[in-house]
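Each chain, written out:
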Amino acid sequence: MTRDPNDRDESTDRRGISRRGFISTMGTGVLSATAASQLPAQSAEVPEVMAADELTKVALVINGRSHEFLVEPRWSISYVLRDVLELTGTKVGCERGECGACTVLMHGLPRYACMTLAVEAEGADIVTVEGLMDGEDLGPTQQAFLEKDAFQCGYCTSGQIMAAEGLLRAAGDPEVDAIRRGMSGNLCRCGAYPHIVMAVQRAAELKRAGGAS
Amino acid sequence: MTDHPDAQYYTEGIELPETEVSTNLESWGETRVVGQPRPRVDAYERVSGAAVYPADITMPGMLYGAMLRCPHPHAVVTAVDVSAAEAMPGVRAVLTAFTPPTRATRAHNEFIRTQLFDPHCRFQGEAVAAVAADNPYRAQDALRAIKVQYDERPFLADERRALDEGAPLVHESGNRVNPPQTYERGDVEQGFAEADVVLEQEYRNECEIHTPMELHGCVARWDGDRLTLWESTQGVYNVQMQVAAALGMPFSMVRVVGHYMGGGFGSKLRPSKYTIVAALLAKMTARPVKFVLTREETFLAVGNRPPSNMRLKVGVKRDGTITAMQFWGSGASGSRRAGGVSLLDWLIRDTYTCPNVRTELQDLYMNAGPARPFRAPGHPQGAWALEQMMDALAEAIDMDPVMFRVRNVPAVSQARGNIPYTSTGLRQCLEQGAAAFGWEDTRAEIARSGNTGTVRRGVGVAAGLWVAGGGGPPSTATVKFFADGSVNLNMGASDIGTGTKTVMAMVVAEELGVDPDAVEIEHADTGSTQFATASGGSKTVPTESPAVRAAAVDVKQQLLEIAAEELGVEASTLTLEDGNVVSTADPAITKPLTQLAGLRRRRNLIGVGHRGPNPEGKAVTPFAAQFCEVAVDTATGEVTIVRFLAAHDSGRVMNRLTYQNQVFGGITMGIGFGLTESRILDVDQTGKMVNVNWHDYKLPTMLDVPADMTCVPIDLGDTECNSTGAKGIGEPATIPTAAAIGNAIYHATGVRVTDTPVDPLRLVQALAQAELAQTEEG
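Residues numbered from 1 in each chain as written. Chains lettered and ligands numbered in written order. Predicted model: local features only at pLDDT ≥ 70, side-chain atom pairs only at ≥ 80, totals over all residues.

S.K.: Whenever I open this one, the overall build of chain A confuses me. Can you help?
M.R.: The helix and strand tally for chain A stands at six helices and seven strands. Walking chain A from its N terminus toward its C terminus, one meets helices and strands in the order β-α-β-β-β-α-β-β-β-α-α-α-α. Residue burial in chain A is summarised as follows: out of 213 residues, 49% are buried. When contacts within chain A are restricted to residue pairs at least 6 apart in sequence, those whose partners lie at least 24 apart make up 61%. (Helix = DSSP H or I, 4+ residues; strand = E, 2+ residues; numbered from the N terminus. Buried ≥ 20, exposed ≤ 12 C-beta atoms within 10 Å, placed from the backbone. Contact = placed C-beta atoms within 7 Å.)

Okay, here's the thing in structure tokens:
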């Protein structure tokens with residue numbers, strides 16, 4: 001059976017919604033919670049329906065550079081980073097928001113890239129582990145992870161580093177308890193946790209001493 | 001699969017090449033580089049995101065593979081309709097039990113041959129069909145479009161019911177994998193008769209799943225008849241041999257590359273079905289195929305630490321002499337023979353002095369994914385039983401638990417016919433560990449405090465040893481010394497996150513007087529590196545480091561001989577220092593290596609090193625004792641681990657930093673085994689696993705492990721085990737952990753929890769039962 005891209009029968013239509021439809025729905029959700037009386041007329045619009053594998057254009061700022069590309073609405077940020085842009089420093093461990101291996105910074109905050117759709121992130125400012133580098137030199141958080149041997153197999157490490165980076169950007173010199181809480185969304189099966197605590201403390205020190213970023 | 005302890009880490013049914021033995025080298029005295037705390041030689045790659053793991057590989061035209069798996073614990077596939085899937089855009093190939101390339105039967109191991117897709121699915125997660133498509137989303141779409149007819153069969157989802165009357169049969173031959181395995185020395189009946197106290201207790205450990213952070217996966221590409229696999233593996237040569245056997249190819253035509261891999265813990269010692277499927281899909285489509293499992297698949301189909309049911313009976317005299325031990329253990333291989341009780345009784349046989357021992361093991365089938373070796377197979381379970389029993393016995397005869405263990409430290413390996421160990425640090429682990437932990441003071445302080453509040457403190461100890469931490473042949477390494485003074489090391493071993501590459505660079509640096517960071521390493525590639533067995537069994541450092549050292553010494557000898565001729569002195573009076581050859585007799589006689597005419601003429605020198613045999617008639621064994629302090633909330637059943645201290649005799653510490661990291665990692669995994677991890681099967685209704693994800697299957701997070709961990713290395717200077725003096729550390733580090741926690745919980749509450757995981761629900765129930773029993777007695 002060959003499929004006509006315009007075919008909208010039930011077996012092939014996964015009832016995706018367009019980016020515009022998605023955002024307007026989100027928008028009304030927020031608005032209805034805050035100011036129900038000011039609901040805009042668009043809430044009555046029927047959202048456009050779009051096939052899951054239909055391409056749509058998305059613009060993202062990744063590691064300070066603007067990118068525009070075509071994505072399927074179901075593609076996650078982690079898939080786009082790794083398989084479209086070939087930025088494979090970001091790792092995938094579960095694709096269901098449980099392990100944190102894919103943690104990136106979005107607008108400066110740690111976020112699981114597997115749990116965010118590319119269309120949802122339109123215009124977002126994203127930093128990956130590659131974006132912490134200063135040319136070929138390691139950033140201070142990366143340098144601290146190297147010095148303290150804060151990893152074993154290294155697979156969760158990019159996510160751990162991004163979570164630590166986000167934590168340190170929010171709180172310059174966190175106490176041990178704050179580090180443990182802040183890093184608890186990132187699993188490490190090798191169990192490098194004690195060394196990761198030391199690395200986050202060391203990273204705070206390096207950043208205070210005037211390391212980059 | 002043989003039952004020899006080493007078999008699972010080496011190869012199964014394939015003859016290994018004999019290698020010649022390198023000259024036995026004198027052991028090192030003081031070392032300059034080896035033993036230092038040193039960041040890894042590949043740390044930059046790992047923290048920058050530049051390290052390329054198999055799943056990171058992208059190639060032009062590459063397709064993505066995906067597997068359709070049986071959703072039932074026991075079913076027969078009667079029909080598969082792939083017509084809709086095959087017609088979907090972007091789908092390039094579909095394989096099922098009914099497509100020609102999969103029809104031939106293939107060996108899983110020396111006992112089992114089935115079709116690649118066996119229509120008789122004996123576990124949830126058995127492979128039924130596979131697809132290759134343009135992107136992973138489309139591959140998943142195609143899987144959903146495949147229609148399978150299953151004939152569901154009765155299932156057995158609890159191995160404890162395997163031998164019940166009328167239990168569903170996993171195989172027609174019955175639910176016993178083999179007849180009970182027994183071991184006996186002395187006379188246990190007489191031993192029990194001599195005892196003042198005899199205790200008997202049942203224990204159980206739930207099934208634990210490896211779930212390394214990196215998903216199992218590979219990329220397969222054909223160049224004509226030659227197959228290259230980039231596989232996430234602990235052993236490239238294991239994958240090469242087993243894939244070649246499955247596809248009927250010569251070894252030489254299968255190249256396996258495994259430079260970076262994101263954890264295995266035993267589940268990546270061998271290739272999996274997906275590896276073969278990826279190769280077939282790549283062949284059919286004439287495209288490279290990336291095949292990475294989903295997280296859910298890794299819970300079902302690529303191994304586990306099987307559940308263990310244990311009963312232990314031990315007799316002891318008032319003076320602390322153990323007179324007899326009797327042990328019964330059963331476990332579940334899963335749907336096929338896979339070592340369900342592998343090494344479960346080893347600690348009973350070998351840890352403490354006891355003349356009369358009898359053990360009996362029964363491996364069982366059940367409708368669940370087959371087991372695979374998991375970090376110290378059988379040992380954390382055996383320790384869970386033995387070390388809690390040791391605590392109970394110590395209390396029964398009113399002896400300190402550390403003293404009681406020290407009293408019974410064996411002089412020889414009783415399980416191996418009373419041969420001596422090359423070094424025995426068990427006593428030192430216990431004594432120095434207790435001293436560093438403040439064992440006696442903490443116990444006295446807790447006793448003084450009364451410890452009657454809602455939150456109660458307790459301390460616990462547990463000891464252990466690991467059967468296979470000595471390594472052994474075969475292994476070959478080569479060291480290439482270039483005319484400009486730079487060095488290549490070539491070895492087949494994988495670095496599975498334990499720091500193997502760094503340790504080996506330090507060994508080369510030790511011998512050649514160069515900076516470890518200047519040693520460039522080629523490793524884990526069957527096409528370009530020397531033979532090594534898989535990295536597992538805590539044997540990589542004790543196996544590879546003597547081979548690497550021998551290769552470096554070979555090059556060093558060549559350099560010294562060239563220099564001796566050019567300087568007109570005896571080679572034996574020369575040594576290497578920071579890139580110079582220097583006379584030990586007269587420091588004025590020196591020359592930069594790069595100015596040796598002999599080296600410049602030859603451009604480079606090659607040193608070859610082989611792993612020699614282990615000493616005859618001796619056992620090479622790592623020992624351990626771990627101590628912990630817990631705080632138990634008796635109202636909620638929550639256990640907070642306050643601190644952990646681990647004293648390990650793993651011979652020479654090769655790199656203080658990565659050694660400590662291994663120890664802390666082992667403790668972390670042991671905390672999961674003891675407190676949080678459990679495969680939960682819906683035993684009565686569907687037989688399916690209900691916690692097939694990391695939300696419901698709980699790995700320890702940073703908040704579940706203590707911030708306060710201490711590593712106390714015990715190095716007795718073992719000059720006999722091998723030429724570097726190193727024994728394994730990876731597995732010993734996780735063996736006593738859970739038992740130490742169990743003992744600490746008992747110390748805190750007076751309640752013995754015999755089953756893992758000791759989660760709040762289980763503990764709060766045990767506490768309530770104990771209180772009820774006390775009230776009834778009172």
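Structure's up, so let's keep going.
S.K.: It is not clear to me how the overall build of chain B should be interpreted in this structure. Could you clarify?
M.R.: The secondary structure content of chain B amounts to 18 helices and 30 strands. A compact globule built from 778 residues would reach a C-alpha radius of gyration of about 28 Å, and chain B, at 27 Å, matches this within 12%. For chain B, the spread of C-alpha atoms along the three principal axes comes to 90 × 70 × 45 Å. The burial tally for chain B puts 58% of its 778 residues in the buried class. Considering only intrachain contacts with a sequence separation of at least 6, the fraction spanning at least 24 residues in chain B is 80%. (Rg over C-alpha atoms; globule rule 2.2 N^0.38 Å.)

S.K.: Explain the sheet that holds strand β26 (residues 590-592) of chain B to me, please; I cannot follow it from the model alone.
M.R.: Through backbone hydrogen bonds, the strands of a sheet pair up, either in parallel or in antiparallel fashion. All names here are of chain B. A sheet is described by the order of its strands in space; here three strands give the open sequence β24-β25-β26, paired in antiparallel fashion. Since the sheet does not close on itself, it has two edges, and those belong to β24 (574-577) and β26, each with one partner. Direction aside, the axes of adjacent strands within the sheet are offset by 25° on average. Note: β24 against strand β25 (residues 580-583), four bridges, orientation antiparallel. Note that in β25 the partner of Leu574 across the bridge is Ser583. (Pairing = 2+ DSSP bridges. Axes fitted to C-alpha atoms, helices over the stretch in contact; angles between N-to-C directions.)

S.K.: Can you walk me through the pairing of strand β11 (residues 217-223) of chain B in this structure?
M.R.: Residues and elements named next belong to chain B. Most of β11 sits out of view: five of its seven residues are buried. Where β11 and strand β12 (residues 226-231) come together, six bridges link them in antiparallel fashion. Pairing of Arg221 across the sheet is with Thr228, part of β12. Here β11 folds back onto β12 in antiparallel fashion, the turn holding two residues, of which Gly224 has a positive phi close to 60°.

S.K.: Please explain the interface of chain B and chain A as it appears in this structure.
M.R.: How big an interface is tends to be reported as the loss of accessible area on association of its parts. In this assembly, 46 residues from chain B lie in contact with 49 residues from chain A. Broken down by secondary-structure element, the contributors of at least two residues to the side of chain B that touches chain A are α1 (43-48) and α16 (656-676) of chain B. Here the side of chain B that touches chain A takes eight residues from α16 of chain B, the largest share from any one element.

S.K.: What am I meant to see in the packing of helix α3 (residues 140-147) of chain A against helix α4 (residues 157-170) of chain A here?
M.R.: All names here are of chain A. Orientation of α3 relative to α4, taken along the N-to-C sense of each, is 125°, at an axis distance of 9 Å. Classed by the angle they form, the pair α3 and α4 counts as oblique. When you trace α3 past α4, the crossing you get is right-handed. Contacts between α3 and α4 involve Thr141, Gln142 and Phe145 on the former and, on the latter, Thr157, Ile161, Ala164, Glu165 and Leu168. Class assignment of the residues belonging to the contact of α3 with α4 gives a composition of four nonpolar, three polar and one charged. (Parallel < 35°, antiparallel > 145°, perpendicular 65-115°, else oblique. Left-handed = near helix turned anticlockwise from the far one by under 90°. Nonpolar A, V, L, I, M, F, W, Y, C, P; charged D, E, K, R; others polar.)

S.K.: Is there a simple way to think about the packing of helix α13 (residues 500-512) of chain B against helix α14 (residues 540-567) of chain B in this case?
M.R.: Relative placement of two packed helices is described by the angle separating their axes and the distance separating the axes. All names here are of chain B. Following both chains from N to C, one finds α13 and α14 inclined at 30°, their axes separated by 9 Å at the closest point. In terms of their interaxial angle, α13 and α14 are classed as roughly parallel. Crossing of α13 against α14: the hand is right-handed. Between α13, through Thr500, Val503, Met504, Val507, Val508, Glu511 and Leu512, and α14, the contact on the second element is made entirely by Thr540, Val541, Glu544, Ser545, Val548, Arg549, Ala552, Val553, Val555 and Lys556. For the contact of α13 with α14, a count of residues per class yields ten nonpolar, three polar and four charged.

S.K.: I'm lost on α3 of chain A in this one. Help?
M.R.: Helical periodicity: at 3.6 residues per turn, an α-helix aligns residues three or four positions apart in one direction. With seven of eight residues buried, α3 of chain A lies mostly within the body of the structure. Every buried residue belonging to α3 of chain A is among Pro140, Thr141, Gln142, Gln143, Ala144, Phe145 and Leu146 of chain A, and all of these are buried. Packing partners of the buried residues in α3 of chain A comprise α4 and α6 (193-208) of chain A together with α1 of chain B. Positive phi appears at Asp149 of chain A, one or two residues downstream of α3 of chain A, with a value of about 50°.

S.K.: Please explain the environment of Arg656 of chain B as it appears in this structure.
M.R.: Residue and element names in this part refer to chain B. Considering the arrangement of structural elements, one finds Arg656 in helix α16. Separated by 301 residues in sequence, Arg656 and Pro355 place their C-alpha atoms 38 Å apart. Dropping the residues within four chain positions of it, Arg656 is found in contact with Gly35, Gln36 and Pro37.

S.K.: Sorry, what's going on with the nonpolar core here?
M.R.: In summary, soluble globular proteins display a tendency toward joint burial of nonpolar side chains. Val131, Leu489 and Val508 of chain B are the most contacted members of the largest nonpolar core, which totals 276 residues. Contact partners of Leu489 of chain B, with chain neighbours within four places excluded, come to Ala477, Val479, Met504, Ala505, Val508, Val519, Ile521 and Val548 of chain B. (Core = buried A, V, L, I, M, F, W, Y, C linked by C-beta atoms within 7 Å.)

S.K.: For this particular structure, what's the right way to read α16 of chain B?
M.R.: Over its 21 residues, α16 of chain B extends 29 Å from the first C-alpha to the last, a length consistent with the 30 Å expected when each residue adds 1.5 Å. Counting buried residues in α16 of chain B gives 18 out of 21 residues, a clear majority hidden from the surface. (Expected span 1.5 Å × (residues − 1).)

S.K.: In this structure, what is going on with the environment of Val705 of chain B? I would like to understand it.
M.R.: Tracing the sequence through the fold places Val705 of chain B in the loop between α16 and β30 (708-713). Taking the C-alpha atoms as reference points, Val705 of chain B and Ile671 of chain B, separated by 34 residues in sequence, lie 7.4 Å from one another. Contacts of Val705 of chain B, omitting those with residues within four sequence positions, involve Tyr193 of chain A together with Ile641, Thr668, Ile671 and Pro700 of chain B.

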